[in-house]
Amino acid sequence: MDLRENDTMRSELLYRSIADRLKLQIDQGVLRPGDRMPSLRSLQHREQCSLSTVLEAYHLLEQDGWIEARPQSGHFVLARSSPTVRLVSEVSIDGRISQILKDLGDPRMISFGAAVPSDSFLPLAQISRSLARQNRAEDSHRYEDPRGNPALRRFLAVLHSSRKRVYDEDDVVITNGCSEALFVSLMTLAQRNSDTVLVESPAYFGIYQIIELFGLRAIEIHSSPSTGVSPEDFARAVQMHRPRAAILIPNFSNPTGALMPANAKRDIAAIARAEGVAIIEDDIYGDIFYEGDERPPALLAGGDASGVLCGSVSKIISPGLRIGWAISKEFGGRIGATKRILNLSTNRLAQAATLDFMRRRSYEIHLKRLRTTLAGLSARYRQELVKAFPHAEISRPGGGYAIWVKTESDTQQLSALSREHSISIAPGFLFDASGEHRRCFRMNCGLEWTPRTRTAVETLGRLYREMDP
Ligand SMILES: Cc1ncc(COP(=O)(O)O)c(C=O)c1O
């Protein structure tokens, strides 16, 4: 690198950090919407830098919609209708979820509100054979090792290792689904009723429910339906609120289907490491990619940040098996101890059967088939949703089961009306604590495409059009 390149880099770092400090002042209300920004000269004097560096900083703020330049008057703070970082002191969401969970168990309902595949896409016959084979073992009814079946832990350690982060059996704890993995991770890492944790908005409601249960404060960061959380927002949130941990779904988020780009994963991991924030990564959908040939790597696979990788077989083999995992080099031992105190161990037979199936070639074949099926279904559901909701913004996921639809009205009414037609959707107010997403809903694209599901999508569109404005 020659001297000129060095100077350019230094100047870029400088104007970015000036811009970041100004954003912080706007976020904290020191500078309010309508306020005049400091003049270029005064800022230059304050920051002891060149005029062009200050101009670059203002340019960046203008581009990102924080300020505007008014001819002959200077720069002014803009009102941000939807701030990208919000602190929620008391999360209260659990009460909103019960109806959705009730609908899930109702066979008369068309479950567009869930994030699950039709049974016909799951390898149910194969897993039943694995269960029967393992049930013959004479020790199948004993307690399992609290951290889980050692062979399954070895298998998962190898499966999730990367060049930069190699796991071994001691890093893996088997849990009751991904839900328990998230639960024990947060329980281990965050102090109840005092810590602050960072969470995406929108994000899977189960994460908000745990935060509520533990009395934690949440920092909601805006998550884009295509690329998830941005490193800039992440850095800003961390600087402002110093959270203990961040819970992220970088691969095919629920509810939007967003996939965080590789460079954003790398930048966020670097910020987390530098600022001492542990990442709890929910990677439950990582295996269900349907664009390209390779699984998108986990954020933690880069080896930079410390944290816990959480996942389960619920979306790829069977949600009823209740087999999940929490994998962590740094915290595996402590998470294992939390899990032991919580419920001694996870179902022994289910663990043995999961391993029995995952080791077979038929597992890989099943995954490939599932990906192809979902690619087709996701495109089909999206196409029909575009017809049914012509004015909505509809996400275009490259994996997972969720499509996110942003309409022009509150979707709670649509949810209530569609229930009367035995159709469930997941209204947007389930997916954050501050109710930012009331005009959205999550749609499951994992259900078989049949005349019944097709009519149901059309019915949703009709009900929406007939709703009171
Ligand atoms: C992002 C995410 N995490 C966790 C879970 C819970 O998974 P499990 O059924 O394995 O507990 C879900 C279920 O929908 C999910 O979408």
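In this text, all values refer to a predicted model and were calculated from it rather than measured experimentally. (Residues numbered from 1 in each chain as written. Predicted model: local features only at pLDDT ≥ 70, side-chain atom pairs only at ≥ 80, totals over all residues.)

**Observations concerning the domain arrangement of the protein**
Next up, step 1: What the domain assignment lists for the protein is domain 1 (3–77), domain 2 (94–119 + 363–466) and domain 3 (124–360).
Next up, step 2: Centre-to-centre, using C-alpha coordinates, domain 1 lies 43 Å away from domain 2. (Domains from an automatic or database assignment.)

**Points about the pairing of strand β13 (residues 402–406)**
Next up, step 1: Judged by how many residues are buried, β13 sits mostly within the fold: four of five residues are covered.
Next up, step 2: Where strand β12 (residues 393–394) lies against β13, two bridges are found, and the strand directions are antiparallel. Paired with Glu 393 across the bridge in β13 is Lys 406.
Next up, step 3: Bridge count between β13 and strand β16 (residues 440–444): five bridges; the pairing is antiparallel. Along β16, the bridge assignment pairs Ile 403 with Met 443. (Buried ≥ 20, exposed ≤ 12 C-beta atoms within 10 Å, placed from the backbone. Helix = DSSP H or I, 4+ residues; strand = E, 2+ residues; numbered from the N terminus. Pairing = 2+ DSSP bridges.)

**Comments concerning the site of the ligand**
Next up, step 1: Inspection of the region around the ligand gives 14 residues, with Gly 177, Cys 178, Ser 179, Ser 312 and Ser 314 positioned closest.
Next up, step 2: When residues of the shell around the ligand are assigned to their parent elements, the largest contribution, three residues, is made by helix α7 (residues 177–189).
Next up, step 3: Split into classes, the residues belonging to the shell around the ligand amount to six nonpolar, seven polar and one charged. (Near = placed C-beta within 6 Å. Nonpolar A, V, L, I, M, F, W, Y, C, P; charged D, E, K, R; others polar.)

**Things to note about the packing of α7 against helix α11 (residues 332–343)**
Next up, step 1: Packing of α7 against α11 brings their axes to within 9 Å, and their N-to-C directions diverge by 115°. By the angle class used here, α7 and α11 are roughly perpendicular. Viewed along their axes, α7 and α11 form a crossing whose handedness is right-handed. Mapping the contact onto sequence places Val 184, Ser 185, Met 187 and Thr 188 in α7 and Arg 334, Ile 335, Thr 338, Lys 339 and Leu 342 in α11. (Axes fitted to C-alpha atoms, helices over the stretch in contact; angles between N-to-C directions. Parallel < 35°, antiparallel > 145°, perpendicular 65-115°, else oblique. Left-handed = near helix turned anticlockwise from the far one by under 90°. Contact = placed C-beta atoms within 7 Å.)

**Considerations on helix α12 (residues 348–358)**
Next up, step 1: Here α12 lies mainly inside the structure; 10 of its 11 residues are buried.
Next up, step 2: Of all the positions in α12, only Arg 348, Ala 350, Gln 351, Ala 352, Ala 353, Thr 354, Leu 355, Asp 356, Phe 357 and Met 358 are classed as buried.
Next up, step 3: Residues of α12 that are buried make contact with α5 (124–135), α6 (150–160), β5 (172–176), β11 (323–327) and α13 (361–388).

**Looking at the sheet that holds β11**
Next up, step 1: Across the sheet, which stays open at both edges, the eight strands sit in the order β3-β7-β6-β8-β9-β10-β11-β5 with mixed pairing between neighbours. Looking at which strands have only one partner, the edges of the open sheet turn out to be β3 (85–88) and β5. On average, each strand axis in the sheet is tilted by 20° relative to the strand beside it, whichever way the strands run.
Next up, step 2: Looking at chain direction, β5 and β11 are connected through five bridges and run antiparallel. Paired with Val 172 across the bridge in β11 is Ile 327.
Next up, step 3: Along the sheet, α7 contacts β5, β8 (245–248), β9 (278–282), β10 (307–312) and β11; its crossing angle with β10, the most-contacted strand, is approximately 160°.

**Focus on the pairing of strand β1 (residues 67–70)**
Successive side chains on a regular strand alternate, one facing one side of the sheet and the next facing the other.
Next up, step 1: In the sheet, β1 pairs with strand β2 (residues 74–77) via four bridges, with the strands oriented antiparallel. Note on β2: the bridge partner recorded for Ala 69 is His 75.
Next up, step 2: Count of turn residues in the β1/β2 antiparallel hairpin: three residues, of which Gln 72 carries a positive phi of about 60°.

**Re the environment of Gly 307**
Next up, step 1: Mapping Gly 307 onto the fold places it in strand β10.
Next up, step 2: Its 28 C-beta neighbours within 10 Å are what place Gly 307 among the buried residues.
Next up, step 3: Residues Gly 307 and Ser 328, spaced 21 residues apart in sequence, show a C-alpha to C-alpha distance of 6.1 Å.

**Comments concerning the nonpolar core**
Next up, step 1: One finds Val 197, Val 199 and Ile 279 to be the most contacted residues of the largest nonpolar core, which totals 118 residues.
Next up, step 2: No other element matches α7, which puts eight residues into this core.
Next up, step 3: Both domains that furnish three or more residues to this core are identified here as domain 2 (94–119 + 363–466) and domain 3 (124–360). (Core = buried A, V, L, I, M, F, W, Y, C linked by C-beta atoms within 7 Å.)

**Details of the environment of Leu 342**
Next up, step 1: Within the fold, Leu 342 resides in helix α11.
Next up, step 2: By the C-beta count within 10 Å, which is 15 here, Leu 342 ends up partly exposed.
Next up, step 3: With 89 residues separating them in the primary sequence, Leu 342 and Phe 431 have C-alpha atoms 27 Å apart.

**Quick word on the environment of Asn 254**
Next up, step 1: Turning to its location among the elements, Asn 254 is positioned in the loop between β8 and α10 (262–275).
Next up, step 2: You can call Asn 254 buried: it has 26 C-beta atoms within 10 Å.
Next up, step 3: Put simply, Asn 254 and Ala 337 are 83 residues apart on the chain and 29 Å apart in space, counted from C-alpha to C-alpha.

**What about the sheet that holds β12?**
Next up, step 1: Strand order in the open sheet made by the four strands is β12-β13-β16-β15, with antiparallel pairing throughout. Whereas interior strands pair on both sides, the edge strands pair on one side only; in this sheet they are β12 and β15 (426–427).
Next up, step 2: Across the face of the sheet, α13 comes into contact with β12, β13 and β16 while running at roughly 15° to β13.

**What to know about helix α14 (residues 411–419)**
Next up, step 1: Along α14, the residues that are buried comprise Thr 411, Leu 414, Ser 415 and Ser 418. The arc that holds every buried residue of α14, seen down its axis, measures 100°, which confines them to one face.
Next up, step 2: Looking at the buried side of α14, the elements it contacts are β14 (423–424), β15, β16 and α15 (451–466). (Arc of directions from axis to C-beta.)

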